Amino acid sequence: MVGKQGSKSALLVLTERVSRFEIIIKLRDKTQKSIIAALDKLEREYKDKFSLIFKSITVDNGIEFLDMAGLEKSVYDKISKRTTIYYAHPYCSLERGSNENNNEFIRKFIKKKTNIKNFSAAYIKKIRGLDE
């Protein structure tokens, strides 16, 4: 999810389809390298549970998701996959329905054309309902 046009920062939003569990990660920029680094960090955080929680991830066709091998590759075992990546068909947002609905919810807190860089990690946690 991107904010103000021309700004680099973005949000990576992962939504588990059945439980609706959501993870929102603030990214410095919307690049393949940043997406892979965010997934690496999540895998380190969730350890063995990562592959149980994220059996598969369906992404859109943006250039930030082109490195399928990098997205799937585990940080612990360079041979094993941490997950399986699927690509939604172009213009078929229904294939990512739960995620699209959650993106719409996030837009209530972070409006379009707003620079995501201006929002703190604490604020993003509050959107997820994880304010501590």
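Residues numbered from 1 in each chain as written. Predicted model: local features only at pLDDT ≥ 70, side-chain atom pairs only at ≥ 80, totals over all residues. Heavy atoms only, no water.

1. Regarding the overall build of the protein chain
Okay, so step 1: Broken down by element type, the protein chain carries 5 helices and 4 strands.
Okay, so step 2: Helices and strands appear in the protein chain in the N-to-C order β-β-α-α-β-α-β-α-α.
Okay, so step 3: Within the span of the protein chain, comprising 132 residues, buried residues form 39% of the whole.
Okay, so step 4: Counting only contacts in the protein chain whose residues sit at least 6 apart along the sequence, the fraction spanning at least 24 positions is 58%. (Helix = DSSP H or I, 4+ residues; strand = E, 2+ residues; numbered from the N terminus. Buried < 20%, exposed > 50% of the residue type's maximum accessible area, 1.4 Å probe, protein only. Contact = heavy atoms within 4.5 Å.)

2. Here's the deal with helix α1 (residues 32-46)
Okay, so step 1: The end-to-end C-alpha distance of α1 is 21 Å, a good match for the 21 Å that 15 residues give at a rise of 1.5 Å each.
Okay, so step 2: Turning to α1, its buried residues are S34, I35, I36, A38, L39, D40, L42, E43 and Y46.
Okay, so step 3: Positive backbone phi, at 50°, marks K47, one or two positions downstream of α1. (Expected span 1.5 Å × (residues − 1).)

3. Quick look at the nonpolar core
Okay, so step 1: In this structure, L12, L14 and L42 are the most contacted members of the largest nonpolar core, which totals 18 residues.
Okay, so step 2: Per-element accounting of this core gives the leading share, 6 residues, to α1.
Okay, so step 3: Here L14 is in contact with F21, E22, I23, L39, L42, F54, I57 and N99, once residues within four sequence places are set aside.
Okay, so step 4: Core analysis: the second largest hydrophobic core is formed by 9 residues, L11, I116, I124 and I127 among them. (Core = buried A, V, L, I, M, F, W, Y, C linked by side-chain atoms within 4.5 Å.)

4. So, the side chain of D40
Okay, so step 1: Secondary-structure assignment places D40 in helix α1.
Okay, so step 2: For D40, a relative accessible area of 17% translates into the label buried.
Okay, so step 3: Those residues in contact with D40 that sit more than four places away from it in its chain are V75 and R82.

5. Remarks on the confidence of the model for the protein chain
Caution is warranted with low-pLDDT regions, since their predicted coordinates should not be read in detail.
Okay, so step 1: Here the protein chain averages 81 in pLDDT, while 89% of its residues score no lower than 70.
Okay, so step 2: Per-element confidence in the protein chain ranges from a low mean pLDDT of 74 for helix α4 (residues 97-106) to a high of 93 for α1. (pLDDT = per-residue confidence, 0-100.)

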